[in-house]
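Architecture and fold: a report
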Amino acid sequence: MSVAELRTHLANLAAQLPASQLSAARRDLDVSQAGLAEAWRGSDHPSAQEAQAAASAAANHLADIIAALECVAEDIYAYTEGL
């Protein structure tokens, strides 16, 4: 495989990482989380706090995944520049 082919394959790989799709999902999750918080506001139901905490933890976990994918894509692009 030539260097040019390797660059192309790596660039294609980086482009396939779903960071932008997950960012959109994160925005949807944030909207859903806000709606959930509003719906449960003032509730004394035992699941109210648990649901909000679970939604918050999911949003934080998704943010970590997005950041990692973005970092990987940047690393791939930086590597290909050095070839």
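Nothing here was measured: the structure is a model prediction, and the numbers come from that model.

What follows is about the confidence of the model for the protein. Here the protein averages 87 in pLDDT, and 100% of its residues register 70 or above. Of all secondary-structure elements in the protein, the lowest mean pLDDT belongs to helix 2 (residues 19-40), at 85, while helix 1 (residues 3-16) reaches the highest, 91.

Counted at 1.5 Å a residue, the expected span for helix 3 (residues 46-82) with its 37 residues is 54 Å, and the 55 Å between its end C-alpha atoms agrees. Those residues of helix 3 that fall on the buried side of the exposure criterion are Ala48, Ala55, Ala59, Leu62, Ile66, Leu69, Ala73, Ile76 and Thr80. Against the buried residues of helix 3 lie helix 1 and helix 2.

Further remarks concern the pattern of salt bridges. Scanning all chains against the criterion turns up 2 salt bridges. Here aspartate 30 and arginine 26 are joined by a salt bridge, their closest N and O atoms 3.2 Å apart. Of this pair, aspartate 30 and arginine 26 both sit in helix 2, 4 residues apart, which is roughly one turn of the helix. With relative accessibility at 31%, the residue aspartate 30 sits in the partly exposed group. Arginine 26 gets classed as partly exposed once you look at its relative accessible area, which sits at 22%. The partner of arginine 41 in a salt bridge is glutamate 38, with the nearest N and O atoms 3.0 Å apart.

Another point: the environment of alanine 53. Summarising the element assignment, alanine 53 is placed in helix 3. Given a relative accessible area of 45%, alanine 53 falls into the partly exposed group. Distance in space between the C-alpha atoms of alanine 53 and glutamine 33 is 9.6 Å, their sequence separation being 20 residues.

Conventions adopted
- Residues numbered from 1 in each chain as written.
- Predicted model: local features only at pLDDT ≥ 70, side-chain atom pairs only at ≥ 80, totals over all residues.
- Heavy atoms only, no water.
- pLDDT = per-residue confidence, 0-100.
- Helix = DSSP H or I, 4+ residues; strand = E, 2+ residues; numbered from the N terminus.
- Expected span 1.5 Å × (residues − 1).
- Buried < 20%, exposed > 50% of the residue type's maximum accessible area, 1.4 Å probe, protein only.
- Contact = heavy atoms within 4.5 Å.
- Salt bridge = Lys/Arg side-chain N within 4 Å of Asp/Glu carboxyl O.

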